[in-house]
Amino acid sequence: MDEVPMPAVREHDVLVDVKAACVLPNLPNVIRNFSSWFPHLPLPKLPAIYGLDSAGIVVEVGSQVRGDVKVGDRVYVNPGLSCGTCRPCRLGNDIFCDSYTFMGYFGFEPGSAQTFEDYPYGGFGEFLVAPARNLVKLPGNLSFEGATRFGYTGTAFSGFRKAGFGPGQTALVDGGTGVLGVGAVISALALGASKIFATGRNRALLSHLKSIAPERILTYGMDEDIVAAVMAETDGYGVDVAMQCLGAMAPAEEGMRTLLAVRRGGAFVNTGGVHTDLPVDSTDLMVNQKRLIGSRWFTTGEGQMMADLAKAGMLRMSVFETLGFSIDEVNEAIDALDQRKGGFTNIVVRQ
């Protein structure tokens, strides 16, 4: 444990008393050997305060913060930081910002180095400062611990929205029992999916996943022919959206098999980030006019949509099982990643 100065609140910022922060499964890779995986992505200078997905209470607002953000608000902090002035930001596409950076984690662009200096406080500290525009106001029926899973859930939620997914449509989630996959399944449910096909390796976890909505979720082992199963259940039509939620070490060809289960004009969304080249059948894409979409994060607006859906009982963040640690047990929390029950376990550092 280190003592650091209390963060200074600039005019458009807020100070948040952190109550919970998610310990991501990828965190050990970021800390220990991230440069060997993605050497082009900027990291914060050490010593750094990590902690990506944070939730807490607003305790101070900057002099130029307007609107309904006020002291005492329960909030999730979207860690996706942008400069606010580059061309993508001015067009409302903050995720494409030349300085886009994950607070308390890693960056994407050369400008991230300056962003880390501007906002050096991650969620594994008692307080953090963030731009007021990055706040998602939380409903009373959503715990701080539950809100810390907005990150992985939001990645899938935004992917479905990019694909134009809506009520009555069907989805295939490849890797449905993992951290990304569980979030994708509950996102599809919240968006009105009539049927969700989900794959996984662990039969017990698949059974647990199906229990969320037995009449709408169909589960299959990774050794089963998921394409044939989808076609049989959809009268040969295929799903509207297939989402790849496999881990970074999964073979790329394993994730791309589900493209064949996508209907004509449907979409394949890649959120899992397998870091090898994707073997894509370009003829299938062209002839059947399928779309291939990458989705790496979500906007603060989409985060607020998730909070509103959670308030209405449609986005069921309660499916996650919290395993909590105090802030001085952060090393134990990282070690506990090996104890997870697939994507259902939510390991948090809480105060």
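Here the structure is a predicted model, which is why all the values come from computation and not from measurement.

## A closer look at the overall build of the protein
Here comes step 1: From N to C terminus, the protein includes 13 helices and 15 strands.
Here comes step 2: Relative to its length of 351 residues, the protein is compact, with a C-alpha radius of gyration of 20 Å against a globular reference of 20 Å.
Here comes step 3: In terms of overall dimensions, the protein has a C-alpha envelope of 60 × 40 × 40 Å along the principal axes.
Here comes step 4: Buried residues in the protein amount to 56% of all 351 residues.
Here comes step 5: Roughly 15,100 Å² of accessible area belongs to the protein as shown, and the carbon and sulfur atoms make up 52% of that amount.
Here comes step 6: Charged side chains in the protein number 30 positive and 37 negative. The centres of these two groups are separated by 6 Å.

## Quick look at the sheet that holds strand S9 (residues 195–200)
Here comes step 1: Spatial ordering of the open sheet is given by S10-S9-S8-S11-S12-S13, a layout of 6 strands whose pairing is parallel. Lying at the two open borders of the sheet, with one neighbouring strand each, are strand S10 (217–221) and strand S13 (291–294). Direction aside, neighbouring strands of the sheet carry axes that sit 20 degrees apart on average.
Here comes step 2: The sheet contact formed by strand S8 (residues 170–174) and strand S11 (residues 239–244) spans 4 bridges and is parallel. Counted as the bridge partner of Leu172 is Ala242 from S11.

## Quick look at the packing of helix H6 (residues 150–162) against helix H7 (residues 179–190)
Here comes step 1: Relative orientation of the contacting elements H6 and H7 amounts to 50 degrees, with a least axis distance of 8 Å. Classified by the angle their axes make, H6 and H7 are oblique. H6 and H7 meet at a crossing whose hand is right-handed. Along its contact with H6, which presents Tyr152, Thr153, Thr155, Ala156, Phe157 and Phe160, the element H7 presents Val179, Leu180, Gly183, Ala184, Ile186, Ser187 and Ala188.
Here comes step 2: When the residues that make up the contact of H6 with H7 are grouped by side-chain class, the tally is 9 nonpolar, 4 polar and no charged.

## Quick notes on the environment of Cys86
Here comes step 1: Mapped onto the secondary structure, Cys86 falls in the loop between strand S4 (80–81) and helix H3 (87–90).
Here comes step 2: Under the relative-accessibility criterion, Cys86 is labelled buried at 11%.
Here comes step 3: Once the C-alpha coordinates of Cys86 and Thr299 are considered, the two residues, 213 residues apart in sequence, prove to be 16 Å apart.

## Topic: the packing of H6 against helix H12 (residues 300–311)
Here comes step 1: Where H6 contacts H12, the two axes come as close as 10 Å, and the packing angle between them is 105 degrees. Between H6 and H12, the interaxial angle falls into the category roughly perpendicular. Contacts between H6 and H12 involve Phe150, Thr153, Gly154, Phe157, Ser158 and Arg161 from the first element and Glu302, Gly303, Met305, Met306, Ala307 and Leu309 from the second.
Here comes step 2: Tallied by class, residues from the contact of H6 with H12 come to 6 nonpolar, 4 polar and 2 charged.

## Brief notes about the environment of Gly146
Here comes step 1: Mapped onto the fold, Gly146 is located in helix H5 (residues 144–147).
Here comes step 2: Exposure remark for Gly146: the relative accessible area of 9% places this residue in the buried category.
Here comes step 3: For the pair formed by Gly146 and Phe320, sequence separation is 174 residues and the distance between their alpha carbons is 7.1 Å.

## Observations concerning the pairing of S10
Here comes step 1: Note that S9 and S10 share 5 bridges and pair parallel. Along S10, the bridge assignment pairs Thr199 with Tyr220.
Here comes step 2: Handedness of the crossover joining S9 and S10 through helix H8 (residues 203–210): right-handed.

## Topic: the pattern of salt bridges
Here comes step 1: What the rule picks out here adds up to 14 salt bridges.
Here comes step 2: In this structure, Asp68 engages Lys137 in a salt bridge whose closest nitrogen and oxygen atoms are separated by 3.7 Å. With Asp68 in the loop between strand S2 (54–61) and strand S3 (74–77) and Lys137 in strand S7 (residues 135–137), the pair connects residues that are 69 residues apart, well separated along the chain.
Here comes step 3: According to the relative accessible area criterion, Asp68 is exposed, its value standing at 52%.
Here comes step 4: Given the relative accessible area of 24%, Lys137 is considered partly exposed.
Here comes step 5: Of the charged contacts, one joins Lys290 and Asp284 as a salt bridge, the two residues approaching to 3.0 Å between their closest N and O atoms. Comparing Lys290 with Asp284, the two get one shared label, buried.

## So, helix H9 (residues 226–233)
Here comes step 1: Within the sequence span of H9, burial applies to Ile226, Val227, Ala229 and Val230. Seen along its axis, H9 keeps its buried residues to an arc of 165 degrees; they face one direction.
Here comes step 2: Against the buried residues of H9 lie S8, S9, S10 and S11.
Here comes step 3: The N-capping residue of H9, defined by a side-chain oxygen 3.3 Å from the backbone nitrogen of Val227, is Asp225.

## What to know about the side chain of Ser54
Here comes step 1: In this structure, Ser54 sits in strand S2.
Here comes step 2: On the basis of relative accessibility, which here comes to 2%, the residue Ser54 falls in the buried class.
Here comes step 3: Once residues within four sequence positions are removed from consideration, Ser54 is found in contact with Val18, Ala20, Ala21, Val75, Tyr76, Val77, Gly123 and Leu128.

About the cut-offs
- Residues numbered from 1 in each chain as written.
- Predicted model: local features only at pLDDT ≥ 70, side-chain atom pairs only at ≥ 80, totals over all residues.
- Heavy atoms only, no water.
- Helix = DSSP H or I, 4+ residues; strand = E, 2+ residues; numbered from the N terminus.
- Rg over C-alpha atoms; globule rule 2.2 N^0.38 Å.
- Buried < 20%, exposed > 50% of the residue type's maximum accessible area, 1.4 Å probe, protein only.
- Areas by Shrake-Rupley, 256 points an atom, 1.4 Å probe, with all protein chains shown as cover.
- Lys, Arg positive; Asp, Glu negative; His and termini not counted.
- Charge placed at Lys NZ, Arg CZ, Asp CG, Glu CD.
- Pairing = 2+ DSSP bridges.
- Axes fitted to C-alpha atoms, helices over the stretch in contact; angles between N-to-C directions.
- Parallel < 35°, antiparallel > 145°, perpendicular 65-115°, else oblique.
- Left-handed = near helix turned anticlockwise from the far one by under 90°.
- Contact = heavy atoms within 4.5 Å.
- Nonpolar A, V, L, I, M, F, W, Y, C, P; charged D, E, K, R; others polar.
- Right-handed = clockwise from strand over helix to strand, strands pointing away.
- Salt bridge = Lys/Arg side-chain N within 4 Å of Asp/Glu carboxyl O.
- Arc of directions from axis to C-beta.
- Polar contact = N/O pair within 3.5 Å; in protein donor to acceptor, adjacent residues only side chain to side chain.

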